[in-house]
Amino acid sequence: MNIFFRELKGNFKSLLIWCLAQFFIIYAGMLKYQGFSSSGVDINKLLEGFPKGLMAVFGVGSVDVSKVAGFYSVFFLYFMLLAGVHAIMFGAVVVSKEERDHSADFLFSKPVKRYQVITPKLLVGVVNILIFNLVTFAASVFFIALYNNGDGLVDKVALTMVALFVLQLFFLALGAMLGAVLKTTKLATSVSAFFVLGAFFLSVTVDLYNNLEFLKYLTPFKYFEGKVLMLDGTISLSSVGILLVLTFILTSLSYIVFNQRDLTT
Amino acid sequence: MNVIEINQLTKYYGKHRGIENVSFCVEEGEIFGFIGPNGAGKSTTIRTLLSLIYPTSGTATIFGKDCIKFGREIRKDIGYLPSEVFYYEHMKVIDVLKYSASFYDHVDMTRIDTLAETLDLDLHKRIDDLSSGNKKKVGIIQGLLHEPKLIILDEPTSGLDPLMQQKFFELIKDENKKGATVLFSSHILTEVQNLCTRVAIIKDGSIIKVENIHDLRENNYKKFTIEFQGAFDMSRFKFAGITNLTQEETTVHFLFRGNINKVINSLQGQVLHNLLVEEPSLEEIFMHYYQKED
């Protein structure tokens, strides 16, 4: 428990900043919706004029962005990106930072087994991503309601958040695995950033080129679609299943590798 | 009874040598010195004992239990001072110590205050505001706080001023009197001289010698300093038993082991200005060991 609370306290500030940033992004994003809807311009027509590549990067595919649910569904890509970066970095750092901070000799010479250090740290990770998720949920419902006659679309946003949480878990586990395998925190965070951005651009590429459709299985950003979640109100259970299995495998790997790791001073 | 038994312990970092076939024992209740230059493998040996790193081959037991298999159990009774102490920079000293204590059962928390008072440490400063000597003190306190049966100190005195070193040695002696066994690693030999009962000397990853400190000094080595009046013949000193022979102008220094009359005879007919026969310091004895190995 001591490690859990120590870690929780140590991460509080960074979590606060992430949550505030997320809150502001949702606020600013929905403010734009207000801009569109009150100006009377047919936003769909306007967007048709833009090149397809640009639209794919911004996540504006084939949805009706003049409706609040459609507009909001575009956010999902950014949520995934942001939450992904947050979760993978958390995992990579939390596992390796004792060595980075030269406190590994202190901590691991205490009567604790390696897993007894990793478990509370990862649990703090789960708490952190859950809070980030709940803040996203609350802010989303609040701002959607503001522009949708008081209807926050709670059901659909909640479903979207479930999908987001599964992705967060996956990225946390991936980060933890990288933190356990790679020699330094710096290397682990660099590779993590590469993974998230790589996955993001892969998902954009898949959007751009129909003949590369099969690549969608390689990027977690393609496992859930904002428009399916927000408009149809359905979630791909096979995606949830695959991601959870991967999360389990990656977490187990983290434990196994970290248990055999030679700690550096 | 042996508190630590190290048996043919070898550690390679990839192809890079850490230690090779290190074996020695530390008996219950003794203060054991672990001496060698930087990079010789002292920290590698100690960190293997604590299963912070895993050996390539060989085994080690502490309190008669395998140090990897029973690592957690063993570490309940170990206090360890790492050679490099940084800890959690944003925490206050008192919080680090409380955090440290939280890993052990039945810690007498009043010891924080008494130890801090002895070492003259401000408990309410943040770690990153401390000098390296004061950080070392935090390390010492967290190592001794839970009254461990085995105290492992890796280069404990670096950064401490002489007065503080003295207090620290007193502290270690007190813990030892109360029954704690101490493994004390250092590259400063004089500090071991007054504290330890036995020493292991490590060089380039291998143990050169394990010896009783008393024997080491009483090994009949005498340190000679002879100052001649005017010219003299250096070749007089070319006989068995003389080592570390050096000459500066009219003065000759050497270590001698054997029948002292040989030296006296060699001085027959010489006019001396001064003659000193002393116990060599450990430093000089060790230099002698190291040179012999080269």
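Residues numbered from 1 in each chain as written. Chains lettered and ligands numbered in written order. Predicted model: local features only at pLDDT ≥ 70, side-chain atom pairs only at ≥ 80, totals over all residues. Heavy atoms only, no water.

Draft legend 1. How the structure looks around the environment of Val-112 of chain A. Secondary-structure assignment places Val-112 of chain A in the loop between α5 (104–108) and α6 (114–147). Judged by relative accessible area, which is 9%, Val-112 of chain A ranks as buried. (Helix = DSSP H or I, 4+ residues; strand = E, 2+ residues; numbered from the N terminus. Buried < 20%, exposed > 50% of the residue type's maximum accessible area, 1.4 Å probe, protein only.)

Draft legend 2. Spatial organisation of the sheet that holds strand β2 (residues 16–27) of chain B. Residues and elements named next belong to chain B. Judged by pairing direction, the sheet is antiparallel, and its four strands sit side by side in the order β2-β1-β4-β5 without closing on themselves. The open sheet has two edge strands with one neighbour each: β2 and β5 (65–66). Both strand β1 (residues 2–13) and β2 contribute to a ladder of eight bridges, which runs antiparallel. What sits directly across from Ile-6, in β2, is Phe-24. Seen against the sheet, helix α1 (residues 42–49) touches β1, β2 and β4 (57–62) and runs at an angle of roughly 115° to β1. (Pairing = 2+ DSSP bridges. Contact = heavy atoms within 4.5 Å. Axes fitted to C-alpha atoms, helices over the stretch in contact; angles between N-to-C directions.)

Draft legend 3. Structural context of the nonpolar core. Judged by nonpolar contacts, the single largest core of 155 residues is most densely connected at Met-30 and Phe-224 of chain A together with Leu-183 of chain B. Apart from residues lying up to four places away in sequence, Phe-224 of chain A is in contact with Phe-76, Met-80, Ala-163, Val-166, Leu-167, Leu-229, Ile-235, Ser-236, Ser-239, Val-240 and Leu-243 of chain A. Listed in part, the twelve residues of the second largest apolar core include Phe-228, Phe-239, Phe-254 and Phe-256 of chain B. (Core = buried A, V, L, I, M, F, W, Y, C linked by side-chain atoms within 4.5 Å.)

Draft legend 4. Representation of the packing of aromatic side chains in the model. All names here are of chain A. Counted under the stated rule, the structure contains 29 aromatic pairs over all chains. Measuring from centroid to centroid gives 5.1 Å for Tyr-33 and Phe-71, while their planes differ by 50°, and the two rings are tilted. Note that Tyr-33 is positioned in helix α1 (residues 2–39) and Phe-71 in helix α4 (residues 68–100), a separation of 38 residues in sequence. The same class applies to Tyr-33 and to Phe-71, which are both buried. When the centroid spacing of 5.6 Å and the interplanar angle of 45° are considered together, the rings of Tyr-72 and Phe-75 count as tilted. Highlighted residues: Tyr-72 and Phe-75, both in helix α4, separated by three residues, approximately one helical turn. A single burial state applies to Tyr-72 and to Phe-75, both of which are buried. (Phe/Tyr/Trp six-rings, centres within 6.5 Å; stacked < 30°, edge-to-face > 60°.)

Draft legend 5. Representation of the pairing of strand β11 (residues 222–228) of chain B within the structure. All names here are of chain B. Note: β11 against strand β13 (residues 251–256), six bridges, orientation antiparallel. Note on β13: the bridge partner recorded for Thr-225 is His-253. Of the strand pairs in this sheet, β11 and strand β14 (residues 272–278) are connected by six bridges, and their pairing is antiparallel. Each residue of the ladder has a partner; that of Ile-226, found in β14, is Leu-275.

Draft legend 6. Representation of empty space enclosed by the protein. Scanning all chains against the criterion turns up two cavities of 30 Å³ or more. Empty space within the largest cavity amounts to approximately 60 Å³. Lining the largest cavity are Glu-98, His-102, Ser-103, Ala-104, Asp-105, Thr-264 and Thr-265 of chain A together with Pro-82, Ser-83 and Glu-84 of chain B. Approximately 30 Å³ is the volume found for the second largest cavity. (1 Å grid on protein atoms, 1.4 Å probe; cavity = no way out; pocket = protein on both sides within 12 Å on 5 of 7 lines; lining within 4 Å. Points joined across faces, edges and corners; volume = space filled by probe spheres on them.)

Draft legend 7. Spotlight on the interface of chain B and chain A. With 24 residues of chain B at the interface, the matching set in chain A holds 26 residues. Summed over both partners, the interface of chain B with chain A buries about 2,400 Å², with 56% contributed by carbon and sulfur atoms. Applying the counting criterion to the chain B and chain A interface returns two salt bridges. In this structure, the connection of chain B to chain A is made through 17 residue pairs in polar contact (both at pLDDT 80 or more). Looking at the side of chain B that touches chain A, the elements that each hand over two or more residues are α2 (71–75) and α3 (93–101) of chain B. For the side of chain B that touches chain A, the per-class residue count stands at 14 nonpolar, four polar and six charged. (Buried area = accessible area lost by both parts, 1.4 Å probe. Salt bridge = Lys/Arg side-chain N within 4 Å of Asp/Glu carboxyl O. Polar contact = N/O pair within 3.5 Å; in protein donor to acceptor, adjacent residues only side chain to side chain. Nonpolar A, V, L, I, M, F, W, Y, C, P; charged D, E, K, R; others polar.)

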